[in-house]
Amino acid sequence: MCIECSGIHRNLGTHLSRVRSLDLDDWPVELMQVMSSIGNELANSIWQESSQGQTKPSVDSTREEKEWWIRAKYEQKLFLAPLPCRELSLGQHLLQATADEDLWTAILLLAHGSWKEVNKTCGERDSCTALHLACCKGNVVLVHLLIWYGVDIMAGDAHGNTVLAYAWQPSSQECINVLLQYGCPNECSPWCKNKMGKINKNN
Ligand SMILES: [Zn+2]
């Protein structure tokens, strides 16, 4: 995108938008995976499902026109695809979409969800959050997205297991890297200690 649009995006704040320069910023491999898995087509099928009769600004549009469009799209969520009609609450649906690794549905739900909704825990599965489930799957794309949308990185499940302990199950180095990078404490849970103890013994 152009300098003008990237400036407008930066002004929205990181809770709504993140801007990275292809030339000036570094691109960790985990972030590359997120960007290449989502891409413009998938993102726009959610954030710009219907333009509501408005015309998307072009390069030649004024700064005001561009700013109106960007704010309408991300701040007012004017063009956002609607939530599917489901019996499930948004939080329960997000847990299911994460367990199914259904990226499109997860992004749609995150775009609509409040902080409280996206932090919903799974009753039957040890009170884990969607972030625990994504870590368990070793799905670094979902892990990144859930953190960006405010799922608590410090939350433990009913047994006190951290999200990091869950990322150890599939031994997902990428997920572990992302969790540490976002400040997840690098301490072992009782479960993890047990496993590590066994590994050390075997060695
Ligand atoms: Zn632009």
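Residues numbered from 1 in each chain as written. Predicted model: local features only at pLDDT ≥ 70, side-chain atom pairs only at ≥ 80, totals over all residues. Heavy atoms only, no water.

**Side note on the UniProt feature "domain: Arf-GAP" (unreviewed entry) in the chain**
Logical step 1: In the numbering used here, UniProt assigns the "domain: Arf-GAP" (unreviewed entry) feature to residues 1-87.
Logical step 2: Note that residues 1-87 is 47% helix and 0% strand, and that its end C-alpha atoms are spaced 39 Å apart. (UniProt positions renumbered as here; feature names shortened; annotations may be inferred. Helix = DSSP H or I, 4+ residues; strand = E, 2+ residues; numbered from the N terminus.)

**Here's the deal with the pattern of salt bridges**
Logical step 1: A complete count under the given rule lists five salt bridges for this structure.
Logical step 2: Note that Glu-67 and Arg-63 form a salt bridge whose closest N and O atoms lie 3.8 Å from each other. Here Arg-63 and Glu-67 lie together in helix 3 (residues 63-74), a separation of four residues that amounts to about one turn.
Logical step 3: Using a relative accessible area of 23% as the deciding quantity, one classes Glu-67 as partly exposed.
Logical step 4: By relative accessible area, which is 31% here, Arg-63 ends up partly exposed.
Logical step 5: One network of salt bridges, in which partners are shared, links Arg-63, Glu-67, Arg-71 and Glu-75. (Salt bridge = Lys/Arg side-chain N within 4 Å of Asp/Glu carboxyl O. Buried < 20%, exposed > 50% of the residue type's maximum accessible area, 1.4 Å probe, protein only.)

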